[in-house]
Amino acid sequence: MELNQERIEAAIVAEVADKIIGEEELFSRVRTAVDARIAQLFKDQADAQIRSAIDAAIQSGFDREYTRVNSWGEREGKPTTIRKELEKVIGNYWNEKVGKDGKPSSYASDRDITRAEWIMAKMVAADFNAEMQQHVVNVGGALKDQLRASLHGTVNELLSGIFRVNSHGDQEIKKSDGRTGYVGNLPTGGAA
């Protein structure tokens, strides 16, 4: 006896189909699941194919040759591509002459520079400005410290000259500094 696999599979499928069709609730669930699966497969495949077609169209659009036409529809100039025109526009943008405000000049001037030079000058000026501000702050701090020390020393000398009292602070100054009238910090304490 020979088994026919196709006939066995067909019989199983027929029996399962009869059972599914016979039970309305099971049929409805299977139908919903199959429809959802088909819809998802279609969406995934369609989205991928649409994306691929758009990418190919854009790529070929950038490299497809065309010739400019005038207002009468007559061809003017040599054939070109969008890619070449974009390269030209970008190159012209950086090489365009601009005034001191960075805007294209309405009239040519000897002081005009390219946009690339203008942007570099702005960047260098901003960096220089920041460095100079920091340098001024550093110099101001050092000047403030020196002025404070100088004023402190002068006030100590004046007080020592006016008041001939040998205070506790004066004794500390002599011990720490070896001379009267100047210390790094203000003396504390009363008269001795």
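I will try to describe carefully the structure that is included in this document. (Residues numbered from 1 in each chain as written. Predicted model: local features only at pLDDT ≥ 70, side-chain atom pairs only at ≥ 80, totals over all residues. Heavy atoms only, no water.)

Overview of the overall build of the protein
Our working definition: Strands are runs of DSSP state E lasting at least two residues, helices are runs of H or I lasting at least four, and both sets are numbered from the N terminus onward. Values of the radius of gyration come from C-alpha atoms, whereas the globule rule sets the reference at 2.2 Å times the count of residues to the power 0.38.
Within the protein, the secondary structure is distributed over five helices and four strands. Secondary structure elements of the protein occur, N-terminal to C-terminal, as α-α-β-β-α-β-β-α-α. Over its C-alpha trace the protein gives a radius of gyration of 45 Å, far above what one expects of a compact globule, namely 16 Å for 192 residues. The principal-axis extents of the C-alpha atoms in the protein amount to approximately 135 × 65 × 35 Å.

Considerations on a nonpolar patch on the surface
Selection rule: Grouping into patches uses exposed residues only, defined as over 30% relative accessible area, and leaves out salt-bridged ones; the cut-off is 9 Å for like charges and 5 Å for nonpolar side chains (Val, Leu, Ile, Met, Phe, Trp, Tyr). Residue exposure ignores everything except the shown protein chains as possible cover, and the areas themselves are Shrake-Rupley values with a 1.4 Å probe. By definition, a salt bridge exists where a carboxyl oxygen of Asp or Glu is found within 4 Å of a side-chain nitrogen of Lys or Arg. Throughout, exposure labels follow a simple rule: accessible area from a 1.4 Å probe, protein chains only, divided by the maximum for the residue type, with under 20% read as buried, over 50% as exposed, and the rest as partly exposed.
A cluster of nonpolar side chains, Y66, I82, L86, I90, Y93 and W94, forms an exposed patch at the surface whose accessible area comes to about 560 Å². Sort the elements by how many residues they give to the nonpolar patch and helix α3 (residues 82–95) lands first, with five residues. Along the chain, L86 falls in helix α3. Note on L86: relative accessible area 41%, which makes it partly exposed.

Examining the pattern of salt bridges
This model, assessed by the stated rule, comprises six salt bridges. Between D63 and R83 there is a salt bridge; the shortest N-O distance is 2.7 Å. One end of the pair, D63, is in helix α2 (residues 24–63); the other, R83, is in helix α3, and 20 residues separate them in sequence. Residue classification places R83 among the partly exposed positions, given a relative accessible area of 34%. Three or more residues joined by partner-sharing salt bridges are found here, namely R68, E85 and K88.

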